[in-house]
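Residue-level listing of the chains:
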Amino acid sequence: MDFLNAIIAVANYVLVPGIAYGSQLALGALGVTLIYGILRFSNFAHGDTMAFGAMVTVLATWWLQSIGVSLGPLPTALLALPIGILGCIGLLLATDRLVYRFYREKKAKPVILVIVSMGVMFIMNGIVRFIIGPDDQQFLDGERFLISARTFREMTGLDEGLAIRSTQAITLVTAVVVVALLFWFLNRTRAGKSMRAYSDNEDLALLSGVNPERVVMLTWIIVAALATTAGVLYGLDKSFKPFTYFQLLLPIFASAIVGGLGNPLGAIAGGFVIAFSEVTITYAWKKVLGYLLPDSLAPDGLVQLLSTDYKFAVSFVILLIVLLFRPTGLFKGQSV
Amino acid sequence: MNTTVKNVSLFAIVGVLILLTGFLQSWNAAILILNMGLISAIMALGVNLQWGFAGLFNIGIMGFVALGGLATVLVSMPPTEGAFAAGGVRVVLAMVMGAATITAAVLLYRAMAKGWPRTVAMIALLVVGFFIYRAVLDPGVAAIEAIDPAATGYLGGLGLPVLLAWPVGGVFAAGAAWLIGKTALGLRSDYLAIATLGIAEIIIAVMKNEDWLSRGVKNVIGIPRPVPYEIDLQGDSGFVERAAGLGLDPVMASTLYVKLLYAGLFLAVLLVLLWMAQKSLASPWGRMLRAIRDNEVAAEAMGKDVKRRHLQVFILGSAICGIAGAMMTTLDSQLTPSAYQPLRFTFLIWVMVIVGGSGNNFGAVLGGFLIWFLWVQVEPMGRLLMDIITAGMTDGYWLKTHMLDSAAHMRLFTMGLVLLLVLRFNPRGLIPEK
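As the structure is a prediction and not an experimental result, all values here were calculated from the model.

Chemist: So, the overall build of chain A: which residues are in play, and what are the values?
Modeler: Secondary structure summary: chain A contains 14 helices and two strands in total. Expected size for 336 residues packed as a compact globule is a radius of gyration near 20 Å; at 21 Å, chain A falls within 12% of this value. Principal-axis analysis of the C-alpha atoms gives chain A an extent of 70 × 55 × 35 Å. Buried residues in chain A amount to 48% of all 336 residues. Considering only contacts in chain A between residues 6 or more positions apart, those separated by 24 or more positions represent 76%.

Chemist: So what about the overall build of chain B? Which residues, and what values?
Modeler: Within chain B, the secondary structure is distributed over 18 helices and two strands. In terms of overall dimensions, chain B is globule-like: its C-alpha atoms have a radius of gyration of 24 Å, near the 22 Å expected for 434 residues. Taking the principal axes of its C-alpha atoms as reference, chain B extends roughly 75 × 60 × 55 Å. Looking at chain B as a whole, 42% of its 434 residues qualify as buried. Restricting to contacts in chain B with at least 6 residues of sequence separation, those with at least 24 account for 82%.

Chemist: Break down unusual backbone geometry for me, citing the residues and quoting the values.
Modeler: Residue and element names in this part refer to chain B. You will see that N219, though not glycine, has its phi angle at about 65°, which is positive. Its place among the elements puts N219 in the loop between helix 8 (211-214) and strand 1 (220-221). Unusually for a residue other than glycine, S333 sits at a positive phi of about 45°. Turning to its location among the elements, S333 is positioned in the loop between helix 14 (306-332) and strand 2 (334-335).

Chemist: Could you give an account of the domain arrangement of chain B, naming the residues involved and the relevant values?
Modeler: Residues and elements named next belong to chain B. Per the domain assignment, the segments making up chain B are domain 1 (3-79 + 156-425) and domain 2 (80-155). Between domain 1 and domain 2, the residue contacts involve seven residues of the former and eleven residues of the latter. Each residue belonging to the side of domain 1 that touches domain 2 can be placed in one class, and the counts come to three nonpolar, two polar and two charged.

Chemist: Could you give me a rundown of the packing of helix 4 (residues 110-132) of chain A against helix 15 (residues 342-356) of chain B, with the residues and numbers involved?
Modeler: Contact geometry of helix 4 of chain A with helix 15 of chain B gives a least axis separation of 11 Å together with a crossing angle of 125°. Comparing the axis directions of helix 4 of chain A and helix 15 of chain B gives the class oblique. Like other packed secondary-structure pairs, helix 4 of chain A and helix 15 of chain B cross with a definite hand, here left-handed. Between helix 4 of chain A, through I115, M118, F122 and N125 of chain A, and helix 15 of chain B, the contact on the second element is made entirely by L343, F347, W350 and I354 of chain B. Classifying every residue of the contact of helix 4 of chain A with helix 15 of chain B gives seven nonpolar, one polar and no charged.

Chemist: Which residues make up the interface of chain B and chain A, and what values do they have?
Modeler: The interface of chain B with chain A comprises 34 residues on the first partner and 34 residues on the second. Broken down by secondary-structure element, the contributors of at least two residues to the side of chain B that touches chain A are helix 6 (165-184), helix 7 (189-209), helix 15 and helix 18 (410-425) of chain B. At 13 residues, the largest contribution of residues to the side of chain B that touches chain A is made by helix 7 of chain B. Looking at the side of chain B that touches chain A residue by residue, the classes come out as 22 nonpolar, seven polar and five charged.

Chemist: Any chance you could break down the packing of helix 2 (residues 27-53) of chain B against helix 14 of chain B for me, citing the residues and the numbers?
Modeler: All names here are of chain B. Relative orientation of the contacting elements helix 2 and helix 14 amounts to 170°, with a least axis distance of 8 Å. With respect to helix 14, the element helix 2 is oriented roughly antiparallel. Together, N35, I39, I42, M43, L45, G46, V47, L49, Q50 and F53 of helix 2 and V313, F314, L316, G317, S318, I320, C321, I323, A324, M327, M328 and L331 of helix 14 make up the contact between the two elements. Classifying every residue of the contact of helix 2 with helix 14 by side-chain character gives 17 nonpolar, five polar and no charged.

Chemist: I'd like a rundown of the environment of G270 of chain A, residues and numbers included.
Modeler: Residue and element names in this part refer to chain A. Following the sequence through the fold, G270 ends up in helix 12 (residues 264-282). Accessibility expressed as a C-beta count within 10 Å gives 36 for G270, which makes it buried. Separated by 51 residues in sequence, G270 and T219 have C-alpha atoms that sit 21 Å apart. Non-local contacts of G270, meaning those with residues more than four positions away in its chain, are made with A29, S255, A256, V258, G259 and L330.

Chemist: Please give an account of helix 6 (residues 166-188) of chain A that cites residues and values.
Modeler: Over its 23 residues, helix 6 of chain A extends 32 Å from the first C-alpha to the last, a length consistent with the 33 Å expected when each residue adds 1.5 Å. Each element contacted by the buried residues of helix 6 of chain A is listed here: helix 1 (2-39), strand 2 (164-165) and helix 9 (212-237) of chain A.

Chemist: Break down helix 4 of chain A for me, citing the residues and quoting the values.
Modeler: Residue and element names in this part refer to chain A. Compared with the 33 Å implied by 1.5 Å per residue over 23 residues, the 32 Å span of helix 4 between its first and last C-alpha is a close match. Taken across its 23 residues, helix 4 has 18 buried, putting it largely inside the fold. Once helix 4 finishes, G133 follows within two positions and takes phi at roughly 85°, a positive value.

Chemist: Talk me through the environment of Q304 of chain A; I want residue IDs and the actual numbers.
Modeler: Residue and element names in this part refer to chain A. Tracing the chain through its elements places Q304 in the loop between helix 13 (286-292) and helix 14 (311-325). Considered as a pair, Q304 and F240 are 64 residues apart in the sequence and their alpha carbons are 28 Å apart. With residues near it in sequence (within four places) discarded, Q304 still touches T282, Y283 and A284.

Chemist: Tell me about the confidence of the model for chain B, and name the residues and values.
Modeler: In the predicted model, chain B carries a mean pLDDT of 90, and 100% of its residues have values of at least 70. In the predicted assembly, ipTM is 0.89 and pTM is 0.91.

Basis of the calculations
Sequence positions are assigned chain by chain, starting from 1 and proceeding in written order. Chain A is the first chain written and ligand 1 is the first ligand written, with later ones labelled in order. Totals for whole chains, interfaces and linings use all residues, but because this is a predicted model, local features are given only for residues with pLDDT of at least 70 and pairs of side-chain atoms are given and counted only at 80 or more. What counts as a helix is a DSSP run of H or I of at least four residues, what counts as a strand is a run of E of at least two, and both are numbered from the N terminus. Radius of gyration here uses only the C-alpha atoms, and the compact-globule reference equals 2.2 Å multiplied by the residue count raised to the power 0.38. Neighbour counting defines burial: a residue surrounded by 20 or more other C-beta atoms within 10 Å of its own C-beta is buried, one with 12 or fewer is exposed, and intermediate counts give partly exposed, using backbone-placed C-beta atoms. By the criterion used throughout, residues are in contact when their C-beta atoms, derived from the backbone, lie within 7 Å. Domains are outlined according to an automatic or database domain assignment. Only Asp, Glu, Lys and Arg are considered charged, only Ala, Val, Leu, Ile, Met, Phe, Trp, Tyr, Cys and Pro nonpolar, and every remaining residue, Gly among them, polar. Axes here refer to lines fitted to C-alpha atoms; in helices the fit is confined to the stretch in contact. Angles between the N-to-C directions go from 0 to 180 degrees. Oblique is the label for any angle not under 35 degrees, not over 145, and not in the 65 to 115 range, which are roughly parallel, roughly antiparallel and roughly perpendicular in turn. Definitions for this section: a left-handed crossing has its near helix turned counterclockwise from the far helix by less than a right angle. A right-handed crossing has that turn clockwise. The span one expects for a helix is its residue count, reduced by one, times 1.5 Å. By definition, pLDDT measures how confident the predictor is in each residue, and it falls between 0 and 100.

This is how it looks when you write it as structure tokens:
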């Protein structure tokens, strides 16, 4: 019985949150990795792109709520998501037209594009704060739990409860759908294949008649969809606050690099590696060990390896280890 | 118009802007801008050394600045009574153990042949080392934090003169830079960027959470000052007389006097560093750095040790940022770890360097002053702009209220815009590299 309790405790505090967080990171890292593969620079504005898309979705959600539209048990934000994606596509295409295209035509060095993306980050951050303010915003509605801890306990008769919040379930389902769509697009459609060809070898792709501007436009559209979805899912699961999206930049980049920059499959794997390391290292294992070990050996302290405030350190250390021992990432990525 | 005249007039324009602030707003505000401008200029000088001279992309400036701030506390605050006896020994021992574990792991990595036994042995060593480290550290930390947590609850400092903290801040930052440089230099430029971004976040996290070291979010206040206190000056009859002779009331005169003293100290540091940066730029060492920046492969073929030069300049630039950080904490006379924001302490410095002119020390200094002035003044200007835009709307209309409330967020937007415009239309900056 104790053994089962221990498993449930691990599932409740490590597995479920880890899967949800991992899916959010994976979606974010996919955006970073696509930009790196096609446009060949690290986009520091990605966190704020996520914030912008999520902000448009939040505003649309409030509007839908005010006219009485809802999805019943599901959050209204899902209905507002396409509006957010459209808004984000508009922003990214405008940014590309006004800012990035100039440097692309000049064939500027990647590091210049990184600095340019810093400027874009400032501007997007300013826009988001200007429109919605720097504070926490609440936009979650609908059913809170898929299974609450109490129902689970009553169902199974165990001491430990397993709570699955509806946002966690939605995160996973949405992420699976989005990733499936993305891979179908990249591997099965003509446009997707031209994107991969362009990413693999620019000159060869150009010779084969791939239109570079079209590829770039497609990339921004896909990135906008990914970033908005990631931002909204993160906002539903935790809460929407512009600054937290900026802080997500580090784990997202860590995921993309750990997986191998430019490699979409790697980005997903990297997202889960980072998420699970963060959650397991910052979780207090006292309860689980208490179930597993005989009473005489039960630990006194919390058995928490690092306090939760150091979760950045976890992604950073993993990043360093990968960079030192396997610079192209777990899956082979590009290195320019 | 020749370049000298142009450059002098650019500096003159910034000077006039600061003077105008004095005439139109208040002299207090003007000297505050001057002081922070001086500090910003030093930070920009450090970043220019890394980016302008060597093309290294460091976006962890905030971390080095914060380390400088930490140095100020550790050097100048009085030691907490009994704290060292309570847990200091354990903490020091734990730090030594931690360092020993990592060194042992590195030695093990070098000694053993490649393969899974090495991986397993290293992981085992690190895990065991980590648990011993925590077992030694935790009781010590608990003992230190238990000493009068409302007022102290930390080790305190050494009680030395605060000016000593400035070079120490540089040394702290240099140490951190050495660690990062050893691991991340030589990888691609983006990787160095991410690594520095990460280390900065970690340094801030440590300062926020390790209460025994820096009191965490409880902040350290009342750091000793290198200049007299206003209250003492107002009590000094000689000073009051002199102030009256200038037609100033004692309160006003004392605040201005103190700020000007700070300005003098900062200016001295800036001039020394600027002189050193200019000398090194013209030296064979500086030429070698620029050769490496412009063509790494060719420089390496000529027998230049690229990695070593990069490490040197990375450490030097970071040390300068550390010195500036210590100076800033001295000026504030308090350490507030939660005030360190990457947009303000990393990316703003980058805007200064790019706008001023990367690769030119005078450009970096000019950028430091100019952008700091803008950063301070954009807020009132934004409010003015919003007032003008919303003048036609009725009071209480939601859009008007919203726009007036959000004027404060114009800052980031303006900085981004300035950066993008300069990069697009004048990528070499206001005072370009020769």
